[in-house]
Amino acid sequence: MSFGETSITVIGNLTADPELKFTPSGAALAKFTIAATPRTYDKDSGKWTDGTATFFRCAAWRQLAEHAADSLTKGSRVVAHGRIRQHDWKTDQGENRSMLVLEVDEIGASLRFTTVTVNAKRPAQPAPAAGDDAWDPSASGGKEQRDEPPF
């Protein structure tokens, strides 16, 4: 992480299975959404009450992406840490669009309500390849325009 980046840790549940894709250069990208819902205890009723859920669009790259797709499923409670990034693009109609994404550096299952078995692997991690940014129009020769973000 570099100086000045906004880092965040999110705890919540996956809204769907991670979607694994590969860039033209072969880099893995997992896209998923984490729903974080606060709960408060109401002493008067003696019940827990759910607050308003916040949904975080997330992206994990390379080996982390493959491990997330292999390990996590819809409903999994996770702890994710990463950087907030803003992505801007133009639609085919020339409209400017923007969204915030959590680029995940670390993710794992929360052990609050379940147990997991860990299979430790320590493979070498390749350096990032040029052209792996799905938001970079130059990665596709500047020709591809999107109505929707690439995940």
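For the structure itself, look to the data block above.
Residues numbered from 1 in each chain as written. Predicted model: local features only at pLDDT ≥ 70, side-chain atom pairs only at ≥ 80, totals over all residues. Heavy atoms only, no water.

Some points on unusual backbone geometry
In this structure, R62 is a non-glycine residue whose phi angle is positive, near 55°. With respect to the helices and strands, R62 occurs in helix α1 (residues 62-71). (Helix = DSSP H or I, 4+ residues; strand = E, 2+ residues; numbered from the N terminus.)

Details of the pattern of salt bridges
Scanning the entire structure with this criterion turns up 7 salt bridges. With its nearest N and O atoms 2.3 Å apart, the salt bridge here joins E5 to R85. Of this pair, E5 sits in the segment before β1 (7-14) while R85 is found in strand β7 (residues 77-90), placing the two residues 80 residues apart along the sequence. Classification of E5 by relative accessible area gives partly exposed; the value is 24%. What makes R85 partly exposed here is its relative accessible area of 29%. Close ionic contact of D105 with R83 constitutes a salt bridge, the shortest N to O distance being 2.7 Å. Of this pair, D105 sits in strand β8 (residues 96-109) while R83 is found in strand β7, placing the two residues 22 residues apart along the sequence. Overall, D105 belongs to the partly exposed group, its relative accessible area being 29%. The network of salt bridges with common partners includes E5, R83, R85, E103 and D105. (Salt bridge = Lys/Arg side-chain N within 4 Å of Asp/Glu carboxyl O. Buried < 20%, exposed > 50% of the residue type's maximum accessible area, 1.4 Å probe, protein only.)

Notes on a nonpolar patch on the surface
Where nonpolar side chains cluster on the molecular surface, the patch consists of L111, V116 and V118 and spans about 310 Å² of accessible area. Within the secondary structure, V118 is located in the segment after β8. (Patch = residues over 30% accessible without salt bridge, like charges linked within 9 Å, V, L, I, M, F, W, Y side chains within 5 Å. Areas by Shrake-Rupley, 256 points an atom, 1.4 Å probe, with all protein chains shown as cover.)

Here's the deal with the nonpolar core
By size, the foremost hydrophobic cluster in this structure holds 18 residues, and its most contacted members are F32, I34, C58, V104 and I107. Mapped by element, the contributors of at least two residues to this core are β1, β3 (28-36), β6 (54-61), α1, β7 and β8. For this core, the element with the most residues is β3, which contributes 5 residues. L29, A59, W89 and M99 belong to the second largest nonpolar core, which has 6 residues in total. (Core = buried A, V, L, I, M, F, W, Y, C linked by side-chain atoms within 4.5 Å.)

Quick notes on the pairing of β6
Direction of pairing for β3 relative to β6: antiparallel, over a ladder of 8 bridges. Across the sheet, residue K31 finds its bridge partner in β6, namely A59. Note: β6 against β8, 2 bridges, orientation parallel. Bridge pairing in β8 places A59 opposite E103. (Pairing = 2+ DSSP bridges.)

Regarding the side chain of H87
Position of H87 among the secondary structure elements: in strand β7. By relative accessible area, which is 9% here, H87 ends up buried. Here E103 takes part through its side chain, which lies 3.4 Å from a polar atom of the side chain of H87. (Polar contact = N/O pair within 3.5 Å; in protein donor to acceptor, adjacent residues only side chain to side chain.)

Observations regarding the side chain of S110
Tracing the sequence through the fold places S110 in the segment after β8. Contacts of S110, omitting those with residues within four sequence positions, involve R77, V78 and V79. (Contact = heavy atoms within 4.5 Å.)

A few points about the pairing of strand β4 (residues 39-42)
In the sheet, β4 pairs with strand β5 (residues 47-50) via 4 bridges, with the strands oriented antiparallel. Across the sheet, R39 pairs through a bridge with D50, a residue of β5.

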